[in-house]
Amino acid sequence: MPPPMLTGIGSDSEGEDEPGAGPAAGKDFMSQSGNFTASDFILSQSGTFKMADFQIRSEGGLTGITESPDNLHARPRELSYEIDTPQLDVQSISDLEMLDELGSGASGTVFKARHVSTDTLVAVKCVTILEKSKRDQVVSELRIMMSHTLGSRWLVKMHNAFYEEAKVYTVLELMDAGSVEDLVKEHAPQGGLKDEAELARIAREILNGLNYLHRQRHQVHRDLKPGNVMRNSKGATKIADFGISSQLESTGAFCQTFVGTTCYMSPERLAGEAYSYSADIWALGLILLELATGKYPYPKPDSYFQLLREILQKPAPSLPSGAFSADFHDVITLCLDKNPNLRPSAHDLLKHPWLREAEASARSGDSSRYDRSDKEMDRSRSNRGRDMAEMLDSMKLGSQ
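The name given to the protein chain in an unreviewed UniProt entry is mitogen-activated protein kinase kinase, and the organism recorded there is Prymnesium parvum. Turning to the protein chain, the UniProt annotation filed under Sequence similarities (unreviewed entry) states: "Belongs to the protein kinase superfamily. STE Ser/Thr protein kinase family. MAP kinase kinase subfamily."

**Points about the UniProt feature "binding site: ATP" (unreviewed entry) in the protein chain**
Mapped onto this numbering, the UniProt entry gives "binding site: ATP" (unreviewed entry) at Lys 125. The residue Lys 125 is located in strand E7 (residues 120-128) in this model.

**With respect to helix H8 (residues 304-313)**
The set of residues buried in H8 consists of Leu 307, Leu 308, Glu 310 and Ile 311. Projected down its long axis, H8 shows its buried positions confined to an angular sector of 165 degrees, all on one face. When the buried face of H8 is taken as reference, the exposed residues oriented beyond 90 degrees from it are Phe 305 and Gln 313. Contacts made by the buried residues of H8 are with helix H6 (267-270) and helix H7 (278-293).

**A look at the pattern of salt bridges**
Within this structure, the stated rule accounts for 11 salt bridges. Arg 343 is the partner of Glu 268 in a salt bridge, and the nearest nitrogen-oxygen pair spans 2.8 Å. Remark: Arg 343 occurs in the loop between helix H9 (326-335) and helix H10 (346-349) and Glu 268 occurs in helix H6; sequence separation between them is 75 residues. Assigned by exposure class, Glu 268 and Arg 343 land together as buried. The partner of Lys 351 in a salt bridge is Asp 348, with the nearest N and O atoms 4.0 Å apart. Among the residues examined, Asp 348 registers a relative accessible area of 41% and is labelled partly exposed. A single salt-bridge network, built from bridges that share partners, covers Glu 97, Arg 114 and Asp 119.

**Describing the nonpolar core**
Residues Leu 224 and Phe 328 are the most contacted members of the largest nonpolar core, which totals 48 residues. Elements with a contribution of two residues or more to this core: helix H4 (180-187), helix H5 (196-216), H7, H8, H9, H10 and helix H11 (353-363). Of all the elements, H7 adds the most residues to this core, at 10 residues. The residues contacting Leu 224, other than those within four sequence positions of it, are Ile 206, Leu 210, Val 229, Ile 239, Tyr 264, Asp 280, Ala 283, Leu 284 and Ile 287.

Cut-offs and rules
Residues numbered from 1 in each chain as written. Predicted model: local features only at pLDDT ≥ 70, side-chain atom pairs only at ≥ 80, totals over all residues. Heavy atoms only, no water. UniProt positions renumbered as here; feature names shortened; annotations may be inferred. Helix = DSSP H or I, 4+ residues; strand = E, 2+ residues; numbered from the N terminus. Buried < 20%, exposed > 50% of the residue type's maximum accessible area, 1.4 Å probe, protein only. Arc of directions from axis to C-beta. Contact = heavy atoms within 4.5 Å. Salt bridge = Lys/Arg side-chain N within 4 Å of Asp/Glu carboxyl O. Core = buried A, V, L, I, M, F, W, Y, C linked by side-chain atoms within 4.5 Å.

Structural data, given as structure tokens:
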């Protein structure tokens, strides 16, 4: 369908969207964009959604804005993708055959689609951006995902994004085996996942993703939880949902905003203190503990304030005695240290003996634990629509 002839989006009640008006007569976007901030946007009469640093079209998709015309469409060439999921050349929504709806949430809808020329299945996330909160969220996620150049082996990949009729369509790698949340529920009747080799493999891949985000991109995920760690049928585990990730200026910088899923927030975040990369390490510890025991490690709270008391005033949770190795106990203890300065970095945790053994096993080619029966895979795939919907819901910006 052709893009609409938009002159802009009206200001929200906060009165903060005035840069969203269309270009003034006789002036193009580039001549007006010099004083734009990172959050300013514009909708051109050609139907292009433009930010100061990137733009989204219905044809051609997502491109960076630079002074050099030769670099205008440089995004696909700049991004370095691992060979496990090659970058698809998707130039418009018409390149895709839309298939089933995988799920929907407050933020939008996710569809399964087929890239016609390569017969590759992808996920397409559709978000209407008329509301400022959703627009800000989409812009934040796109900007973060555009910056992921080397970490795509551990992060869910974005192939392209398109703007059409007040909607942004983001074309993503399809993670067809659900999420870690599914894995928790699958093993809950048995008291959790007891295979430490599998637990360590999942932990190692999450840590590789965090190590990339923290050391290379200076980004704090801020919403790491089981539903945001996705899996595919090849055995890969990848981090998803960067809608509320925060960019830090340096390795020693701190965030001071309060967004993300409360249950996996670190004590310093819940206390309203400045936080940094170690907040993601706390979330990882809770994810591993939940996966190993089959349940969230804190008692189900009756209210937000009860959860706050449990996390801030009670000792950090731990693995049950005698059920797991001393090395795994040590990893959980390190991740869930209530003093953020004492939690190890993702880079240092990858050197832990428990993770080193998992790495050695992966390099030796022992892939037996990745093999799953067709029945298991069908059960996992049956849940993927709900996972996508819940992932959309989790993208809602929240401040408390």
